[in-house]
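# Report on the structure
The chain contents come next:
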Amino acid sequence: MTSSPRFVRDVMTRTVVSVTPLAEFKEIVAVMKQWRVTAVPVIESEGEGAGTGTGTGAGRVIGVVSEADLLPKEEFRDHDPGLIEQMRRLGDTLKAGSTLAKDLMTAPAVTVRPDATLSQAARLMAERHIKRLLVVDPAGTLQGIVSRTDLLKVFLRPDSELVDEIRREVVGRLFPLAQHRVRVDVHHGVVTLSGGILDASLIPVAARLARAVEGVVDVNCALTTSVAQTAGA
């Protein structure tokens, strides 16, 4: 078993501030300022009351309100859009006249499961051009939030931790009888594999597996083969 943080659940923030559909504009702005966030999920409310709530699994996610959803109110404050602009930016002009989360939110929210891999989450963010993903369970209940910064946390793993994992998961598996011949060095996340092995076909495999370890920045593969070596050496 590897110690790599491989899934969204390993890096996500579990305590997330959220708002109900009837939360008001100023309340949303205040929550964003207080919690220093740029977006808040909108969760299905139990009753008719408005307000905000915090916690894990607070309710089913129905949308998200971001700064981009709120800015049209300021943008169109002293600007009366013409008919063509209104049609082209219908969503923004409607939001400029809205005051409740249910009318301001973007829906459906882009979400990800806790068991999604970090690479899957990164690809989804890139494809949708967003900075964060709401993490939900199969029922759509809020479990947390994962941001670009969270995904980059894996690159803060200590070099010594990367050495241990590569020796165990790469060298130990590929070269079980010749582990003593392979040297693993890591400096600032950059891995160098060196030493002599018997099977040249395993050199690119070793490089690929080392590069796949979460937190590795790059791999320099200096492994070589030597006809002088024998299987029993």
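Please refer to the structure placed before this passage.
Residues numbered from 1 in each chain as written. Predicted model: local features only at pLDDT ≥ 70, side-chain atom pairs only at ≥ 80, totals over all residues. Heavy atoms only, no water.

Strand order in the open sheet formed by three strands is E8-E9-E10, and the pairing between neighbours is mixed. Both outer strands of the open sheet, strand E8 (182-187) and strand E10 (218-225), are each paired with one neighbouring strand and no more. Each strand of the sheet is rotated relative to its neighbour by a mean of 10°, with strand direction disregarded. As paired strands, strand E9 (residues 190-197) and E10 are joined by eight bridges and run parallel to one another. Directly across from Leu193, in E10, lies its bridge partner Cys221. The sheet strands contacting helix H10 (residues 202-211) are E9 and E10, and the helix crosses E10 at an angle near 155°. (Pairing = 2+ DSSP bridges. Helix = DSSP H or I, 4+ residues; strand = E, 2+ residues; numbered from the N terminus. Axes fitted to C-alpha atoms, helices over the stretch in contact; angles between N-to-C directions. Contact = heavy atoms within 4.5 Å.)

It is worth spelling out the sheet that holds strand E6 (residues 132-136) at this point. Within the open sheet, the three strands sit side by side as E5-E6-E7. Their pairing is mixed. The open sheet terminates on both sides in strands that have one partner only, identified here as strand E5 (111-112) and strand E7 (142-147).

Taken as a whole, this structure holds zero aromatic pairs when the rule is applied. Positioned above the aromatic ring of Phe7 is the side chain of Arg9, whose terminal nitrogen or guanidinium carbon lies 4.6 Å from the ring centre. (Phe/Tyr/Trp six-rings, centres within 6.5 Å; stacked < 30°, edge-to-face > 60°. Lys NZ or Arg CZ within 6 Å of the ring centre and 35° of its normal.)

The next subject is helix H9 (residues 159-174). Taking 1.5 Å per residue, 16 residues should reach 22 Å; H9 reaches 21 Å between its end C-alpha atoms and fits that length. Residue Arg167 marks the point of greatest curvature in H9, where the axis turns by about 35°. Inspection of H9 places Leu162, Val163, Glu165, Ile166, Glu169, Val170, Val171, Gly172 and Leu174 among the buried residues, and these make up the whole buried set. The elements touched by buried residues of H9 are E8, E9 and H10. (Expected span 1.5 Å × (residues − 1). Bend = angle between axes of the 7 residues up to and from the residue. Buried < 20%, exposed > 50% of the residue type's maximum accessible area, 1.4 Å probe, protein only.)

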